[in-house]
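# Reading the structure
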Amino acid sequence: KVLLAIHEMPEKQWGLDAMAELALMSRSKFSGLFKRTVGQSPGDYVIDWRIVVAQGLLQQNKAVALVANAVGYENGSALARVFRKKLGISPKQWLEQTL
């Protein structure tokens, strides 16, 4: 249920509290079960999913600022920081490499 919600609404601010509540579990029980089941922490999963969605939108020639809002970041700079941290390059550099 939580994975479906994250996939349907990547723009939502998915904190551990919100995810655990949706799963009807305590934070610690949810976090442990999620990590054992999915292989990464809930927070890392949300970030990775947002990057996947952002990449798809960037390939559709959407502006970085619009993509950032669509995947839950306040602005293009915030999205660029996450891209650099996870992929080592900016969204624009990533797009240039994929074309």
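Before reading on, note that the structure itself is shown above.
These remarks concern the structure in this document.

Parameters at a glance
- Residues numbered from 1 in each chain as written.
- Predicted model: local features only at pLDDT ≥ 70, side-chain atom pairs only at ≥ 80, totals over all residues.
- Heavy atoms only, no water.
- Helix = DSSP H or I, 4+ residues; strand = E, 2+ residues; numbered from the N terminus.
- Buried < 20%, exposed > 50% of the residue type's maximum accessible area, 1.4 Å probe, protein only.
- Contact = heavy atoms within 4.5 Å.
- Areas by Shrake-Rupley, 256 points an atom, 1.4 Å probe, with all protein chains shown as cover.
- Lys, Arg positive; Asp, Glu negative; His and termini not counted.
- Charge placed at Lys NZ, Arg CZ, Asp CG, Glu CD.
- Core = buried A, V, L, I, M, F, W, Y, C linked by side-chain atoms within 4.5 Å.

So, about the overall build of the chain. Counting its secondary structure elements, the chain contains seven helices and zero strands. Going from N to C terminus, the chain has its helices and strands arranged as α-α-α-α-α-α-α. With respect to the principal axes defined by its C-alpha atoms, the chain has extents near 40 × 20 × 20 Å. Relative to its full complement of 99 residues, the chain shows a buried share of 35%. Expressed as a percentage of contacts within the chain between residues at least 6 apart in sequence, the contacts between residues at least 24 apart total 46%. Roughly 6100 Å² of accessible area belongs to the chain as shown, and the carbon and sulfur atoms make up 54% of that amount. Counting 13 positive and 8 negative side-chain charges, the chain places the centres of these two groups 4 Å from one another.

So, about the nonpolar core. Within the largest apolar cluster, 16 residues are counted, with the highest numbers of intra-cluster contacts made by Leu-58, Tyr-73, Leu-79 and Phe-83. At the level of elements, α4 (42-59), α5 (64-70), α6 (76-87) and α7 (91-98) are the ones that each hand at least two residues to this core. Counting 10 residues, the second largest nonpolar core, distinct from the first, contains Ala-5, Met-19, Ala-20 and Phe-30.

Let us look at the side chain of Gln-55. By secondary structure assignment, the location of Gln-55 is in helix α4. Gln-55 sits in the buried class, given a relative accessible area of 16%.

So, about the environment of Tyr-73. Mapped onto the elements, Tyr-73 comes out in the loop between α5 and α6. Judged by relative accessible area, Tyr-73 falls into the buried class, the value being 12%. Between the C-alpha atoms of Tyr-73 and Arg-27, which are 46 residues apart in sequence, the distance is 23 Å. With sequence-adjacent residues up to four places away left out, Tyr-73 is seen in contact with Ile-47, Arg-50, Ala-68, Ala-78, Leu-79 and Val-82.

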